[in-house]
Amino acid sequence: MGAPVAVTDSQGKARRDQLVELYRELQDCRKCPLAEGRTTVVFGTGNADADLMFVGEAPGFHEDQQGKPFVGRAGKLLDQLLGEIDLTRSDCFIANTLKCRPPDNRDPLPAEIEACRPHLERQIELIEPRVICTLGNFATKLLTGSPQGITRVRGVPQAHELGGRPVFLYPIFHPAAALRTTAMLDQLRADFQALPRLLADVLPSFGPADDVPEPEPERELVGAGAEVDQLGLF
Ligand code: URA
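What you are looking at is a predicted structure, and each value in this text was computed from that prediction instead of being measured.

## Quick notes on the overall build of the protein chain
Along the backbone of the protein chain there are 10 helices and 6 strands. Counting contacts in the protein chain only where the partners sit at least 6 residues apart, residues at least 24 apart contribute 75% of the total.

Quick look at the structure:
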């Protein structure tokens, strides 16, 4: 696969409709006990046609209250680092490994990650990102399928097949960790600086070469309906 393939209006609309449907389905999710303590299911927000996706760990207090990912200090840092490479949230889709807040922000449990995994996989299948930045250990281990921790694998893109398509997984530090130490912040910033090049990079092909669609004219972003405001920009 070569350069990014533009999404047509009808492809984009179908994708947004399916994401909205998934969003509605997840509102009643009871697949794990986190459903009992949540205020909202934090589905994720952003551009349904994004080439770039971020996957964090789990909603915290403010995310649970507002129904949106990364609305606290870690989110501000994410916005700042995106800005430094001339991107905004409207250029990407931001989701989490878990869609519901663990009590007292404790680490996700293996059973919760497994229960929530199909939701994230479906999001990836629908959005079809070229690059997925896994933020921290939980998202990295889940999507790489390897027990290797973030400190060992950060900053090195890995070609994988996810959602039936090739994708670069790009493990980087979680912004909350980077808020705690300057050395981590420096590394996270350096890893962000490498993102534009990675986004333009050629993905390996895992399937027959003639699967590659013809490039078509770029579509415009349209706004989400008020009822799915928590999905943010579509
Ligand atoms: N940390 C995360 O991993 N996700 C959020 O949405 C907020 C903080």
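## Some words on empty space enclosed by the protein
It is a probe the size of a water molecule, rolled over the atoms, that shows where empty space is left. Summed over all chains, the structure comprises 2 cavities of 30 Å³ or more. For the largest cavity, the calculated volume is near 130 Å³. Along the walls of the largest cavity sit 15 residues, with C29, C32, C100, C116 and H119 positioned nearest its centre. At the level of elements, α2 (34–37) and α5 (110–127) are the ones that each hand at least two residues to the lining of the largest cavity. Of the residues forming the lining of the largest cavity, the biggest block, 4 residues, is contributed by α5. Here the residues of the lining of the largest cavity are counted per class, giving 10 nonpolar, 1 polar and 4 charged. The calculated volume of the second largest cavity comes to roughly 40 Å³. Surrounding the second largest cavity, I124, E125, E128, P129, L162, G163, R165, P166 and V167 form its lining. Elements that contribute at least two residues to the lining of the second largest cavity include exactly α5 and β6 (165–172). With 3 residues, the top contributor of residues to the lining of the second largest cavity is β6. Grouping the amino acids of the lining of the second largest cavity by side-chain chemistry returns 5 nonpolar, 1 polar and 3 charged.

## Digging into unusual backbone geometry
Even without a glycine there, the phi angle at D86 is positive, about 60°. With respect to the helices and strands, D86 occurs in the loop between α4 (73–84) and β3 (92–96). Look at D104: it is not a glycine, yet its phi comes out positive at around 55°. Along the chain, D104 turns up in the loop between β3 and α5. For D104, a relative accessible area of 74% puts it in the exposed group.

## Some details on the packing of α5 against helix α6 (residues 137–144)
One can describe the packing of α5 onto α6 by two numbers: an axis separation of 12 Å at closest approach and a directional angle of 75°. When the axis of α5 is compared with that of α6, the two are roughly perpendicular. Contact residues: I113, R117, L120 and I124 in α5; F138, L142 and L143 in α6. Residue classes in the contact of α5 with α6 are distributed as 6 nonpolar, no polar and 1 charged.

## A closer look at the site of the ligand
Contacts to the ligand come from G56, E57, A58, E63, P69, F70, N96 and H174. For the ligand, a nitrogen atom lies 3.1 Å from a polar atom in the backbone of A58. In the environment of the ligand, an oxygen atom lies 2.8 Å from a nitrogen or oxygen atom belonging to the side chain of H174. In the complex, 90% of the free accessible area of the ligand, which totals 230 Å², lies under the protein chains. When the residues that make up the shell around the ligand are grouped by side-chain class, the tally is 3 nonpolar, 3 polar and 2 charged.

## A few points about the pairing of β6
Counting buried positions along β6 gives 7 out of 8 residues, so the element sits mostly inside the fold. Here 5 bridges tie strand β5 (residues 158–162) to β6, and the two strands are oriented antiparallel to one another. Within β6, the residue paired with L162 across the bridge is R165. Linkage of β5 to β6, two consecutive antiparallel strands, is achieved through a turn of 2 residues, within which G163 is found at a positive phi near 60°.

## A short note on the environment of L87
Looking at where L87 falls in the secondary structure, it is placed in the loop between α4 and β3. Sequence separation between L87 and P196 is 109 residues, and the spatial gap between their C-alpha atoms is 9.3 Å.

## Concerning the environment of Q80
Residue position: Q80 is located in helix α4. Considering only alpha carbons, one finds Q80 and R189, 109 residues apart in sequence, at a separation of 9.8 Å.

## What about the state of the cysteines?
Covalently bonding the sulfur atom of one cysteine to the sulfur atom of another cysteine gives a disulfide. Scanning the entire structure with this criterion turns up 0 disulfides. The thiol of C100 is unpaired, and the distance to the nearest cysteine sulfur, on C32, comes to 6.2 Å. What makes C100 buried here is its relative accessible area of 9%.

Rules of the game
Within each chain, residue numbers correspond to sequence positions counted from 1 in written order. Totals for whole chains, interfaces and linings use every residue, but because this is a predicted model, local features are given only for residues with pLDDT of at least 70 and side-chain atom pairs only at 80 or more, for both listing and counting. The basis for every side-chain value is the complete set of non-hydrogen atoms in the structure, without hydrogens or water. The secondary structure listing takes helices from DSSP runs of H or I that are at least 4 residues long and strands from runs of E that are at least 2 residues long, numbered from the N terminus. Here, two residues are considered to be in contact whenever any of their heavy atoms come within 4.5 Å of each other. Cavity: a set of points on a 1 Å grid over the protein atoms alone where a 1.4 Å probe fits but cannot get out. Pocket: an open set with protein on both sides within 12 Å along at least five of seven lines, its lining residues, like those of a cavity, having an atom within 4 Å of a point. Grid points are joined across faces, edges and corners, and a volume is the space filled by probe spheres set on the points. Amino acids are sorted into nonpolar (Ala, Val, Leu, Ile, Met, Phe, Trp, Tyr, Cys and Pro), charged (Asp, Glu, Lys and Arg) and polar (every other residue, Gly among them). Each residue's exposure class comes from its accessible area (1.4 Å probe, protein chains only) as a fraction of the maximum for that residue type: buried when under 20%, exposed when over 50%, partly exposed otherwise. Between N-to-C directions, angles cover 0 to 180 degrees, with each direction set by a line fitted to C-alpha atoms, over the stretch in contact for helices. Roughly parallel here means an angle under 35 degrees, roughly antiparallel means over 145, roughly perpendicular means 65 to 115, and every remaining angle is called oblique. Consider each residue's heavy atoms; a residue with any of them within 4 Å of a molecule or strand counts as near. A 3.5 Å cut-off defines polar contacts: any pair of N or O atoms within that distance qualifies, except that in protein one atom must be a possible hydrogen donor and the other a possible acceptor, and neighbouring residues in sequence count only when both atoms are side-chain atoms. Using a 1.4 Å probe, the Shrake-Rupley method yields the accessible areas, and only the shown protein chains count as cover for residues. We treat two strands as partners when DSSP finds at least two bridges between them. For the purposes of this analysis, a disulfide is any pair of cysteine sulfur atoms at a distance within 2.5 Å.

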